[in-house]
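Structure assessment
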Amino acid sequence: MFRKYKWVKRISIFILLLIIGVVSFGFWFKSLIPPKDFSLETINKGDLPYLSQNRIPKRGKILVVVTSTATMGTSGKTTGYELTELARAYYVFEANGFEVDIASPKGGKSPVVIDDEDMGSYDYAFLNDSIAQYKAANTLLINEVEPENYIAIYFAGGKGTMYDFPNNENIQSIVKKHYEANKVIGAVCHGPSALVNVTLDNGRHLLENKKISAFTNKEELLLISDAASIFPFLLQDKIIESGAKFNEGDIYLEKISFDDNIITGQNPWSTWGVAEGMVKQMGYQPKPRVVTDEENAVKVLSTYKSFGKSKAKDMITSILLKEKKPLNRLLIAKHSIMAAMQGNMGDFYNLSGLVSFAKDCESKVDRDQ
């Protein structure tokens, strides 16, 4: 009896220590997350040198297409276009001398998805930009758009596109006309769903043998486990079925594919690269832009994936201490959580350590100032 009591006592102590350890780790991890910078919410377009200085003369018009779908099928889950995928591309085009029109399958106001954790200065500037907001609230009806008025077309992502892009005959017609006229076509995240059912005049599928990047099955299923039953199809599967060479990168990190005049990106973190790649494909050198803290975090994460923790620390040291550039710790922390969700505890602990290391580096910068 006393021996049994000893084991119960030991197990109880172990459970208590485990709970204390988990709670302590939780408080420590939370301390690594920087507080939200509320000053960003009031930023205006004129506050951004990229947009306000060294303006480039007008070079033509680009059509941006967003979804009109507000609900994921019959699931009841809300959706729309991703604000970051519209705002950042919109401003890249504008900064490089292009006028931007926004269209959608139904026209008028399109539903938007705003993720506070992903919002940066350009995204808030877009929300405070009266002209951009007017265009987003009064999108052109896609079947009234004249394709010849635009020198390029860009499809913003958002899960709503899975429902109203693939089978829209007007979208298919515009894509076909742009491609056959050798005009540039860009799409990011779920935006490439606009390309999956396009047939060219020669009877061949647009995506046949094309290198394409888009939101992957892994990315889709990580956060929506029943995605295969909610969406008409999984985008990666459909693109492969269409004859494309699917170019998959690391989960939730930048990946961009170039194939002739078709430029596609895997996820929201590919938006800058797709938009600037389109500008370059149109024959112009993209206007210089200060790299964002989020992009620097993506560089660190990519370095970790390719070369390990030590090299990632070197990258953090270079960015924060040598180059004095900003780094988005929150994004690295989110990747550590995603690693835990996938059962990869090694990456979870390593990435948590990188967040802590970045915080220490930032503290050193503050002390030196």
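The rules behind the values
- Residues numbered from 1 in each chain as written.
- Predicted model: local features only at pLDDT ≥ 70, side-chain atom pairs only at ≥ 80, totals over all residues.
- Heavy atoms only, no water.
- Axes fitted to C-alpha atoms, helices over the stretch in contact; angles between N-to-C directions.
- Helix = DSSP H or I, 4+ residues; strand = E, 2+ residues; numbered from the N terminus.
- Parallel < 35°, antiparallel > 145°, perpendicular 65-115°, else oblique.
- Left-handed = near helix turned anticlockwise from the far one by under 90°.
- Contact = heavy atoms within 4.5 Å.
- Nonpolar A, V, L, I, M, F, W, Y, C, P; charged D, E, K, R; others polar.
- Buried < 20%, exposed > 50% of the residue type's maximum accessible area, 1.4 Å probe, protein only.
- Polar contact = N/O pair within 3.5 Å; in protein donor to acceptor, adjacent residues only side chain to side chain.
- Pairing = 2+ DSSP bridges.
- Expected span 1.5 Å × (residues − 1).

Examining the packing of helix H12 (residues 293–307) against helix H14 (residues 329–341)
- In the contact formed by H12 and H14, the axes pass within 8 Å of each other and the chain directions differ by 40°. In terms of their interaxial angle, H12 and H14 are classed as oblique. For the pair H12 and H14, the crossing hand works out as right-handed. Contacts between H12 and H14 involve Glu294, Ala297, Val298, Val300 and Leu301 from the first element and Leu331, Ile332 and His335 from the second.
- Each residue belonging to the contact of H12 with H14 can be placed in one class, and the counts come to six nonpolar, one polar and one charged.

Details of unusual backbone geometry
- The phi angle at Asn54 is positive, at roughly 50°, despite the residue not being glycine.
- Unusually for a residue other than glycine, Asp260 sits at a positive phi of about 55°.
- As for its placement among the helices and strands, Asp260 is situated in the loop between strand E10 (256–259) and strand E11 (262–265).
- Taking relative accessible area as the criterion, Asp260 reaches 53% and is therefore assigned exposed.

A closer look at the side chain of Asn217
- Tracing the chain through its elements places Asn217 in helix H8 (residues 217–223).
- Of the polar contacts made by the side chain of Asn217, one reaches the side chain of Asp237; its length is 2.9 Å.
- If near-sequence neighbours (up to four positions away) are discounted, Asn217 is found in contact with Leu234, Gln236 and Asp237.

Comments concerning the sheet that holds E10
- Taking strand neighbours across the sheet as the criterion, the seven strands line up as E5-E3-E1-E6-E7-E11-E10 in an open arrangement whose pairing is mixed. Both outer strands of the open sheet, strand E5 (140–141) and E10, are each paired with one neighbouring strand and no more.
- Alignment of E10 against E11, held across four bridges, turns out to be antiparallel. Bridged to Ser257 within E11 is Thr264.

Focus on helix H7 (residues 169–180)
- End to end, H7 covers 16 Å across 12 residues, agreeing with the expected 16 Å (1.5 Å per residue, within 8%).
- Within H7, the full set of buried residues consists of Ile171, Ile174, Val175, Lys176, His178 and Tyr179.
- Tucked into the core, H7 has its buried residues touching strand E1 (60–65), strand E6 (152–155), helix H6 (161–164), strand E7 (184–188) and E11.
- In the stretch just after H7, Asn182 is the one whose phi turns positive, near 65°.

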